[in-house]
Amino acid sequence: MELERVRTTEAANHVGERVRLAGWLHTLRRLGGINFLLVRDGWGLFQAVLETPEQMAPLAGCQVESVIEVEGRVVAEPQAPGGAELRDCQVRVITPVTEPLPFAINKRELKVGLDTFLDHATVGLRHPARRALFRLASGVMAGFREFLRGEGFTEIQTPKIVGSATEGGANVFRIDYFGRPAYLAQSPQLYKQIMVGVFERVFEVGPVFRAEPHSTARHTNEYVSLDVEFGFIRDHTTVMALLNRLLAAIIAWLGEHHASDLALLNLTLPTVPTAIPRLHFTQAQQLILDRYGVDVRGEPDLSPQDERWVAEWAREMHGSDFVFITGYPMSKRPFYTHPDPEDPRYSNSFDLIFRGVEIVTGGQRLHRYADYLAALEARGMSPQPFAGYLEAFRHGMPPHGGFAIGLERFIAQLAGLSNLREATLFPRDMERLAP
């Protein structure tokens, strides 16, 4: 009778029993008459000891990453990784690998340039540290979903092919849709607003596409957006309060469910303050002048350096890795953004800066049909391409707002990565369409 397969992370719980492991040949160290084999599966690593030529024979000619099965008796061994190892082993090769890898993935540190890694990401992503990074990304999505479902939100999936380049704020990818033009969606923004009229509280996890001709360490042309929209808010501060609690819940989820991944990456989770510090856009500009002697007043947006300076203030004055910037000028926000009733030059919107980089944009939206017509006219935009979207507002929409978290930026800042591509499974930028 064939033994039930056991995960490497569970094998140490079976001391004294025979078990079957299956995975990849991670390393094979030959030390005289004793050979130490590390099996890697989708969860971790486990050591097997091969002591006879017969046990080694099936591995003849096999390179690392060969797919194997190992049966053996689990023995407690304090010096072994995880405190246990397999003895009295039998090895079966399922898929032999006979050629070397483009670079070593069985060392503690992955020593390879980013471009070379990305060229061979299909193999490089198997490295335990890289895998742990993307498991954290999975954890962020899981924590995101868990919290919002508990708050009465419904998950939706909106179209990624749209008929008009309507949202503005970024270039769009044009595609041929059965002989007529269509576009890859810049975000689910218009659709998630429509769905507030259906479910009141909605969220989405999905790709967005930005045809921005940027080739920087903080931009890609396709990324994963964690979007939220909900109704019956007071203003943008209601949205910020929900985001504050959501971030705390995501960080708590990672701490509870991903301790081993965090340990492997040597990461310490940030503390999310009960009330994340905030600055109005004009206050942030004045702060930069007062602290750093750089006058950015009159600029319609904050530069990456400005964001780093504001983050430095938040750490020094509030001990916070997070800081809200509110009240961006209306000229830099999309047409659907609600202006500040007390000063319509500024918006009821915000960005969230995490360790010096903006990872969230959000705010209050317009909710009255007449306001939309006025906003479009003021920007010289025709309402015709927005007919389907505006129909929702003709038939009653509550005050609402939301935000979008850039998953890859969040992970990059969490892990202290210098390039967003390191936090992206298969990056799409101006130069790269493969693998």
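This is a predicted model, so every value here is computed, not measured.

A. Broad picture of the overall build of the chain. Within the chain, the regular secondary structure consists of 12 helices and 18 strands. C-alpha atoms of the chain, sized along the principal axes, occupy 80 × 55 × 40 Å. Looking at the chain as a whole, 49% of its 435 residues qualify as buried. For the chain, long-range pairs separated by at least 24 residues make up 64% of all intrachain contacts whose partners lie at least 6 apart in sequence. Summed over its atoms, the accessible surface of the chain is roughly 20,700 Å², and 51% of this surface lies on carbon and sulfur atoms.

B. Highlighting the sheet that holds strand β7 (residues 161-162). Taken in spatial order, the three strands make up an open sheet running β7-β9-β8, and their pairing is antiparallel. The open sheet is flanked by β7 and β8 (174-177), the only strands paired with a single partner. Direction of pairing for β8 relative to strand β9 (residues 180-184): antiparallel, over a ladder of four bridges. Note that in β9 the partner of Y177 across the bridge is R180.

C. Focus on the layout of surface pockets. What the second largest pocket holds in volume is close to 1,100 Å³. Along the walls of the second largest pocket sit 38 residues, with R108, H127, P128, A129 and L264 positioned nearest its centre. A total of seven residues in the lining of the second largest pocket trace back to one element, the largest contributor, which is helix α4 (residues 128-150).

D. Geometry of the packing of aromatic side chains. Taken as a whole and assessed by the stated rule, the structure comprises 17 aromatic pairs. An aromatic cluster is built from F335, Y336, Y372, F386, Y389 and F393, whose rings are joined through pairwise contacts. The aromatic ring of Y328 is capped on one face by R333, whose charged end is 4.1 Å from the ring centroid.

E. Just the sheet that holds strand β16 (residues 349-354), in detail. The eight strands are arranged β6-β10-β11-β18-β17-β16-β13-β12 in an open sheet whose pairing can be described as mixed. Pairing within the sheet leaves two strands with one partner each, and these edge strands are β6 (154-155) and β12 (278-280). As paired strands, β12 and strand β13 (residues 322-326) are joined by three bridges and run parallel to one another. Looking at the pairing, H280 lines up with T326 of β13. Packing against the sheet, helix α6 (residues 236-257) makes contact with β11 (222-231), β12, β13, β16, β17 (357-365) and β18 (400-406), and its axis sits at approximately 40° to β18. In this fold helix α9 (residues 304-318) packs onto β12, β13, β16 and β17, with an angle of close to 125° to the strand it touches most, β13.

F. Fine view of a nonpolar patch on the surface. Residues I161, Y177 and F178 make up a contiguous nonpolar surface patch of about 350 Å² in total accessible area. In this structure, F178 sits in the loop between β8 and β9.

G. Quick look at the packing of helix α8 (residues 281-292) against α9. At their nearest, the axes of α8 and α9 sit 10 Å apart, and the two run at 80° to each other. Taken together, the axes of α8 and α9 lie roughly perpendicular to each other. Note on element contacts: α9 touches α8 through D306, W309, V310, E312, W313, E316 and M317, opposite A284, L287, I288, R291 and Y292. Of the residues in the contact of α8 with α9, the class split is eight nonpolar, no polar and four charged.

H. Main features of the nonpolar core. Counting residues in hydrophobic clusters, the biggest one holds 52 residues, and the most contacted among them are F144, L243 and F403. The leading source of residues in this core is α6, at nine residues. Other than its neighbours up to four places away in sequence, F144 contacts F203, E204, V205, L226, D227, V228, L246, I250 and I405. Core analysis: the second largest hydrophobic core is formed by 19 residues, V6, F46, M56 and A84 among them.

I. Seen up close, unusual backbone geometry. In this model, A434 is joined to P435 through a cis peptide bond whose omega is -5°. Here P435 shows up in the segment after α12 (407-415). For F232, which is not a glycine, the phi torsion comes out positive at approximately 60°. You can call F232 exposed: its relative accessible area is 60%.

J. Spotlight on the side chain of E65. Position of E65 relative to the elements: it lies in the loop between α1 (53-56) and β4 (67-76). When its relative accessible area of 3% is taken as the criterion, E65 is described as buried. Of note is the side chain of E65, whose polar atom sits 2.8 Å from the side chain of R40. Not counting residues within four places of it along the chain, the set of residues in contact with E65 comprises W24, L25, R40, V97, L101, I105 and R126.

K. Looking closely at the packing of α4 against α6. α6 packs onto α4 with a crossing angle of 130° between their chain directions and a minimal axis gap of 8 Å. On the basis of their axis angle, the class for α4 and α6 is oblique. Considering how the two elements wind past one another, α4 and α6 form a crossing that is right-handed. Together, L136, G139, V140, A142, G143, F144, E146, F147 and L148 of α4 and L242, R245, L246, A249, I250, W253 and L254 of α6 make up the contact between the two elements. In the contact of α4 with α6, the residues fall into 12 nonpolar, two polar and two charged.

L. Main features of the side chain of R131. Topologically, R131 is positioned in helix α4. Although R131 lies buried, it forms no salt bridge, and the closest oppositely charged side chain, D41, sits 5.6 Å away as judged by the N-O distance. Not counting the four nearest positions on each side in its chain, R131 is found in contact with R40, D41, G42, W43, G44 and L125.

The rules behind the values
- Residue positions are counted from 1 within each chain, in the order its sequence is given.
- A pLDDT threshold of at least 70 governs which residues receive local features in this predicted model, and a stricter bar of 80 or more applies before side-chain atom pairs are shown or counted, although totals over entire chains, interfaces and linings include all residues.
- Excluded from the side-chain calculations are hydrogens and water; all other atoms, namely the structure's heavy atoms, are used.
- Strands here are runs of E lasting at least two residues and helices are runs of H or I lasting at least four, both read from the DSSP assignment and numbered beginning at the N terminus.
- For every residue, the accessible area (1.4 Å probe, protein chains only) is compared with the maximum for its type, and the residue is labelled buried under 20%, exposed over 50%, or partly exposed between those bounds.
- The contact criterion used throughout is that any non-hydrogen atoms of two residues lie within 4.5 Å.
- Where accessible areas are quoted, they stem from the Shrake-Rupley method and a 1.4 Å probe; at the residue level, only the protein chains shown are allowed to cover.
- Strands were regarded as paired on the criterion that DSSP finds at least two bridges between them.
- Lining residues are those with an atom within 4 Å of a point, where the points come from a 1 Å grid over the protein atoms alone and group into cavities, where a 1.4 Å probe fits but cannot get out, or pockets, open sets with protein on both sides within 12 Å along at least five of seven lines.
- Grid points are joined across faces, edges and corners, and a volume is the space filled by probe spheres set on the points.
- When two rings of Phe, Tyr or Trp (its six-membered ring) have centres within 6.5 Å they constitute a pair, described as stacked for plane angles under 30 degrees, edge-to-face for angles over 60, and tilted for the intermediate range.
- Lysine NZ or arginine CZ positioned within 6 Å of the ring centre and within 35 degrees of the ring normal marks a charge as sitting over the ring.
- Every axis in this analysis is a line fitted to C-alpha atoms, fitted for helices over the stretch in contact. Angles between the N-to-C directions lie between 0 and 180 degrees.
- Patch definition: residues with relative accessible area over 30% and no salt bridge; like charges joined within 9 Å; nonpolar side chains (Val, Leu, Ile, Met, Phe, Trp, Tyr) joined within 5 Å.
- Salt bridges are identified by distance alone: a Lys or Arg side-chain nitrogen within 4 Å of an Asp or Glu carboxyl oxygen.
- When an angle is under 35 degrees it counts as roughly parallel; over 145 it counts as roughly antiparallel; between 65 and 115 it counts as roughly perpendicular; any other value is oblique.
- Three categories are distinguished: nonpolar for Ala, Val, Leu, Ile, Met, Phe, Trp, Tyr, Cys and Pro, charged for Asp, Glu, Lys and Arg, and polar for the others, with Gly belonging to the last.
- Remark: nonpolar core denotes a set of buried residues (Ala, Val, Leu, Ile, Met, Phe, Trp, Tyr, Cys) joined through side-chain atoms within 4.5 Å.
- Each polar contact in these results corresponds to two N or O atoms within 3.5 Å; when the atoms are within protein, one needs to be able to donate a hydrogen and the other to accept it, and residues that are neighboring in sequence are counted only if both atoms are side-chain atoms.
- Each helix crossing is assigned a hand: it is left-handed if the near helix lies turned anticlockwise from the far helix by less than a right angle, otherwise right-handed if that turn is clockwise.
- For the purpose of charge, His is not counted, nor are the chain termini; Lys and Arg are scored as positive and Asp and Glu as negative.

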